[in-house]
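Observations on the three-dimensional arrangement
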Amino acid sequence: IAHVMLRWFPDVIAQLQRDMPGVHYEIDVDAGASMVQKLEAGRLDIAVVAGKIRNPRMESINLRPEELQWLMSSRLPRERDGRRLTIGELLDSAPIWLIPRTSVLHSSALDALRRHKAQLHNINTCVHMPGILEMIDRTTGIGLTATSEAHAHLDTGVVQPVSSDLPPVNLRVTLLCHRDQQQAIVHRVLNRIVEFDQQRSKMASEVRVR
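In what follows, the accompanying structure is described.

So, how was this worked out
- Residues numbered from 1 in each chain as written.
- Predicted model: local features only at pLDDT ≥ 70, side-chain atom pairs only at ≥ 80, totals over all residues.
- Heavy atoms only, no water.
- Helix = DSSP H or I, 4+ residues; strand = E, 2+ residues; numbered from the N terminus.
- Buried < 20%, exposed > 50% of the residue type's maximum accessible area, 1.4 Å probe, protein only.
- Contact = heavy atoms within 4.5 Å.
- Areas by Shrake-Rupley, 256 points an atom, 1.4 Å probe, with all protein chains shown as cover.
- Lys, Arg positive; Asp, Glu negative; His and termini not counted.
- Charge placed at Lys NZ, Arg CZ, Asp CG, Glu CD.
- Salt bridge = Lys/Arg side-chain N within 4 Å of Asp/Glu carboxyl O.
- Pairing = 2+ DSSP bridges.
- 1 Å grid on protein atoms, 1.4 Å probe; cavity = no way out; pocket = protein on both sides within 12 Å on 5 of 7 lines; lining within 4 Å.
- Points joined across faces, edges and corners; volume = space filled by probe spheres on them.
- Nonpolar A, V, L, I, M, F, W, Y, C, P; charged D, E, K, R; others polar.
- Core = buried A, V, L, I, M, F, W, Y, C linked by side-chain atoms within 4.5 Å.

This next bit is on the overall build of the protein chain. A count of helices and strands for the protein chain gives seven helices and nine strands. Buried residues in the protein chain amount to 48% of all 210 residues. Sequence separation of 24 or more characterises 76% of the internal contacts of the protein chain that already satisfy a separation of 6 or more. Accessible surface, the protein chain as shown: approximately 11300 Å² in total, 49% of it carbon and sulfur. Distance from the positive charge centre (26 side chains) to the negative charge centre (24 side chains) of the protein chain: 3 Å.

We now examine the pattern of salt bridges. A complete count under the given rule lists eight salt bridges for this structure. Across the salt bridge formed by E40 and R57, the nearest N and O atoms sit 3.3 Å from each other. With E40 in helix α2 (residues 32–40) and R57 in the loop between β1 (47–50) and β2 (58–73), this pair connects stretches of sequence that are 17 residues apart. Residue classification places E40 among the partly exposed residues on the basis of a relative accessible area of 31%.

In the Ramachandran plot, L120 falls in the positive-phi region, its phi being about 65° despite a non-glycine side chain. Judged by relative accessible area, which is 22%, L120 ranks as partly exposed. Of note, T140 is a non-glycine position whose phi angle comes to about 50°, a positive value. Residue placement: T140 occurs in the loop between α5 (129–138) and β7 (142–146). Overall, the relative accessible area of 22% leaves T140 in the partly exposed class.

Further remarks concern α2. Those residues of α2 that sit buried are G32, S34, M35, V36, K38 and L39. Where α2 is buried, its residues touch β1, β2 and β9 (169–178). Positive phi shows up at G42, right after α2, with a value of about 80°.

Take the pairing of β9 next. Regular strands place side chains that alternate from one sheet face to the opposite one. The buried fraction of β9 amounts to seven of the 10 residues, a majority that puts the element mostly inside the structure. When β1 meets β9, the two strands line up antiparallel, connected through four bridges. Directly across from A47, in β9, lies its bridge partner L176. Direction of pairing for β2 relative to β9: antiparallel, over a ladder of nine bridges. Looking at β9, one finds that L63 is bridged to V173.

Let us look at the layout of surface pockets. Of the voids in this model, the largest pocket is the one considered here, and its volume is about 500 Å³. Lining of the largest pocket is provided by 22 residues; of these, H24, Y25, E26, D45 and I46 occupy positions nearest its centre. Contributions of two or more residues to the lining of the largest pocket are made by α1 (9–19), β1 and α7 (184–209). By residue class, the composition of the lining of the largest pocket is 16 nonpolar, two polar and four charged.

So, on to the nonpolar core. Ranked by size, the top nonpolar core spans 35 residues in total, and within it W70, L91, L98, L113 and I142 carry the most contacts. Of all the secondary structure elements, the ones that give two or more residues to this core are β2, α3 (87–92), β5 (96–98), α4 (104–115), α5 and β7. A total of five residues in this core trace back to one element, the largest contributor, which is α4. Other than its neighbours up to four places away in sequence, L113 contacts W70, L91, I96, A118, L120 and I123. L63, C177, L190 and F196 belong to the second-largest nonpolar core, a separate cluster that totals 18 residues.

Let us look at the environment of P167. In this structure, P167 sits in the loop between β8 (159–161) and β9. Taking the C-alpha atoms as reference points, P167 and L44, 123 residues apart in sequence, are found 35 Å from one another.

In structure tokens form, the structure reads like this:
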């Protein structure tokens, strides 16, 4: 699975174990490109991957997108010598934390930073979304991480959004398996993931309506 799914994927596994108690799981967490390679090599039966993936040998199912935000440590100064920093200056003033270069999100994140004339001399990577959030806090830095991971940190004021000019990013999520997959148990797991994802989408819609 991709790192952005760590928040909800354990709930899927818990439901699957209740439904099919005799089934055991080997869960691998890695960047999207590596997950696709492992699936192609037959080392995985199913992959949940960040990004829009289209492969003629794979069945692709779009899942609910994950929202990511540009966040900064609340201790990071926004002013220097009595003057408010531009976004580019702010981005250059602290460590920036992104997911690894093998992720589909990495290059688009760099493009967003370049649009604000960031020098990109301070880029760091971390394979774990909650880890990025902790690095933002501990290093007085800036980073792009999943909103679902950041609620508690935002509520307590540990981190804050960088700027409305760096808006949240909707990251596509794709469920993949081989088109020639014959195992009924694999298809049951696929269907259960899709059902769970639809429940998540329905709950999110109900929250917005209220």
